[in-house]
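Descriptive analysis of the structure
Here is what each chain is made of, one letter per residue.
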Amino acid sequence: MRAERTPSVEPAIVRAGTLAAELETILRDGGVEHPRREAGDIIAAIVDAPRFWAAQHRDVLVAPVVIELARAAAMQRAQGAPFAYAVGRAAFRHLTLMVDERVLIPRQETELLVEEVLSRVSGGVVADIGTGSGAIALALATEGSFDRVIATDVSTAALAVAAENLRRCTGVLRCRVELVAGSLLTPLAGRRVDAVVANPPYIAHAEARALPETVRNWEPPTALFSAEDGMRHTAELIRGVPAVLRSGGLLAVEVDARRAVQAAALARAEPCLRDVLVRPDLTGRDRILLATRVDE
Ligand code: SAM
Ligand code: GLN
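Presented here is an overview of the structure given in this document. Predicted model, so just to flag it, every value in this text is computed and none were measured. (Residues numbered from 1 in each chain as written. Chains lettered and ligands numbered in written order. Predicted model: local features only at pLDDT ≥ 70, side-chain atom pairs only at ≥ 80, totals over all residues. Heavy atoms only, no water.)

So, on to the sheet that holds strand β9 (residues 286-293). Adjacent strands of a sheet form backbone hydrogen bonds with each other and so pair up, either parallel or antiparallel. Taken in spatial order, the 7 strands line up as β5-β4-β3-β6-β7-β9-β8 in an open sheet, and their pairing is mixed. The open sheet is flanked by β5 (176-181) and β8 (273-280), the only strands paired with a single partner. The sheet shows a mean angle of 15° between the axes of neighbouring strands, taken without regard to direction. With 6 bridges connecting them, β8 and β9 associate as antiparallel partners. Along β9, the bridge assignment pairs Arg279 with Ile288. Along the sheet, helix α8 (residues 156-169) contacts β4 (148-153) and β5; its crossing angle with β5, the most-contacted strand, is approximately 165°. Contacts from helix α13 (residues 260-268) reach β8 and β9 within the one sheet, and its direction differs from that of β8 by about 165°. (Pairing = 2+ DSSP bridges. Helix = DSSP H or I, 4+ residues; strand = E, 2+ residues; numbered from the N terminus. Axes fitted to C-alpha atoms, helices over the stretch in contact; angles between N-to-C directions. Contact = heavy atoms within 4.5 Å.)

Turning our attention to the site of ligand 2. Neighbouring ligand 2 are the residues Arg107, Glu109, Asn199, Pro200, Pro201, Tyr202, Ile203, Val215, Ala223 and Leu224. In this structure, an oxygen atom belonging to ligand 2 sits 2.9 Å away from a side-chain N or O atom of Arg107. A distance of 3.1 Å separates an oxygen atom of ligand 2 from a polar backbone atom of Tyr202. Protein contacts shield 88% of the accessible area of ligand 2, which totals 300 Å² for the unbound molecule. A class-by-class count of the residues in the shell around ligand 2 yields 7 nonpolar, 1 polar and 2 charged. (Near = heavy atom within 4 Å. Polar contact = N/O pair within 3.5 Å; in protein donor to acceptor, adjacent residues only side chain to side chain. Areas by Shrake-Rupley, 256 points an atom, 1.4 Å probe, with all protein chains shown as cover. Nonpolar A, V, L, I, M, F, W, Y, C, P; charged D, E, K, R; others polar.)

Attention now goes to the site of ligand 1. The local shell around ligand 1 holds 18 residues, among which Gly130, Asp153, Ser183, Leu184 and Asn199 are the closest. In the model, a nitrogen atom of ligand 1 is placed 3.3 Å from a nitrogen or oxygen of the Thr131 main chain. Interatomic distance of 3.5 Å between a backbone N/O atom of Gly132 and an oxygen atom of ligand 1. Within the complex, the protein chains bury 95% of what would otherwise be the 590 Å² of accessible surface of ligand 1. Here the shell around ligand 1 is composed, by residue class, of 7 nonpolar, 10 polar and 1 charged.

Let's shift gears to the nonpolar core. Counting residues in hydrophobic clusters, the biggest one holds 28 residues, and the most contacted among them are Leu140, Val149 and Val197. Among the elements of the structure, β2 (95-98), α6 (108-120), α7 (135-143), β4, α8, β6 (193-198), β7 (245-254) and β9 are those that each provide at least two residues to this core. Val149 has contacts with Val126, Ala137, Leu140, Ala141, Cys175, Arg176, Val177 and Glu178, leaving out every residue within four places of it along the chain. Membership of the second largest hydrophobic core comes to 27 residues, among which are Leu184, Met231, Leu245 and Leu251. (Core = buried A, V, L, I, M, F, W, Y, C linked by side-chain atoms within 4.5 Å. Buried < 20%, exposed > 50% of the residue type's maximum accessible area, 1.4 Å probe, protein only.)

If a residue is not glycine, its phi is most likely negative; likewise, a peptide bond is most likely trans. In this structure, Glu228 is a non-glycine residue whose phi angle is positive, near 50°. Note that Glu228 resides in helix α11 (residues 227-230). In this model, Asp275 sits at a positive phi of 50°, which is unusual for a non-glycine residue. With respect to the helices and strands, the residue Asp275 is situated in strand β8. When its relative accessible area of 60% is taken as the criterion, Asp275 is described as exposed.

One can describe the packing of helix α12 (residues 232-240) onto α13 by two numbers: an axis separation of 9 Å at closest approach and a directional angle of 20°. Compared by their axis directions, α12 and α13 come out roughly parallel. Crossing of α12 over α13 shows right-handed handedness. Between α12 and α13, the contacting residues are Thr234, Ala235, Ile238 and Arg239 on the first element and Ala263, Leu266 and Ala267 on the second. Taken together, the residues that form the contact of α12 with α13 break down as 5 nonpolar, 1 polar and 1 charged. (Parallel < 35°, antiparallel > 145°, perpendicular 65-115°, else oblique. Left-handed = near helix turned anticlockwise from the far one by under 90°.)

Counted according to the given criterion, the structure contains 0 disulfides. Cysteine Cys169 remains unbridged, with the sulfur of Cys175 as its closest cysteine sulfur at 11 Å. (Disulfide = S-S within 2.5 Å.)

Pairing between side chains of opposite charge can happen when the charged atoms of each approach one another. As enumerated under the stated definition, the model contains 25 salt bridges in all. Between Asp48 and Arg89 there is a salt bridge; the shortest N-O distance is 3.0 Å. With Asp48 in the loop between α2 (35-47) and α3 (53-56) and Arg89 in strand β1 (residues 89-92), this pair connects stretches of sequence that are 41 residues apart. The exposure class of Asp48 is exposed, given its relative accessible area of 56%. By relative accessible area, Arg89 is classed as partly exposed at 26%. Residue Glu207 is joined to Arg259 by a salt bridge in which the shortest nitrogen-to-oxygen separation is 2.8 Å. Taken together, the positions of Glu207 in the loop between β6 and α9 (213-216) and Arg259 in the loop between β7 and α13 put the pair 52 residues apart, joining distant regions of the chain. Judged by relative accessible area, Glu207 falls into the buried class, the value being 17%. Given the relative accessible area of 9%, Arg259 is considered buried. (Salt bridge = Lys/Arg side-chain N within 4 Å of Asp/Glu carboxyl O.)

Printed below as a string of structure tokens:
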């Protein structure tokens, strides 16, 4: 009688170099522009290593979970997904945030908005309106000296991502962060805060066609578009903010350069807002509207 043999299951042995080559093929077939570089970037993002990691460790065996995540990320990129969604993370200031299609991928210009707030306000309560991934709120809460940061969003799906990022930041927070669902300033009703900061949706619906495909086809429309030629959210924030800012408090709003003059004019028309200023981003485009609340 022949002994039954247990079928041997070959463990998948994949080295970093082999995985990089496989990803490169997926990316090239999908029409991604720099397939070799991106293959390395995907592996680096997933193993949380510097970008040259795969090139320097070609013979290192890669864990099955890394292989699965890397293949899935390359396939998403091949279908046109932005890199940050494909690998599920994005850098913002000193943080690495979890991101997916529920939230806007945090932008570099928004890092400057945080910088403006940090250089002007310390202590008290700061509210981040439309927090998305939690980028602004968590950067303020980990870098600034505030008593509390309130982070709001109308999208409960976005707030779930912010909650996950808040959980991941627990060890580095310097104050409490409160997540609240609601539209614009309504979650602050009855409260007075020391600063209101926001990167609201500010793209006009008519401008959708001009957006890059990675933005138009992948990022949440709620995060991008605002009615009234892109101005509705910004205008409502400017008009409503005197009711929730204490005297001396700061309003800091990211604006579309094409409508910065219009936004500044709205702020100057508010009797309780003074020192209205528009600051440029790193490319010289007017990007950040600042104003201070004073007593009438
Ligand atoms: N603060 C994040 C950042 O800078 O990366 C996300 C900014 S994204 C441009 C705008 C955010 O505002 C989205 O998360 C969107 O869900 C939220 N939003 C849109 N309409 C809103 C409203 N009426 N009230 C509160 N949040 C809103
Ligand atoms: N800065 C983003 C873009 O140009 C738009 C974000 C927003 O509407 N606040 O794609």
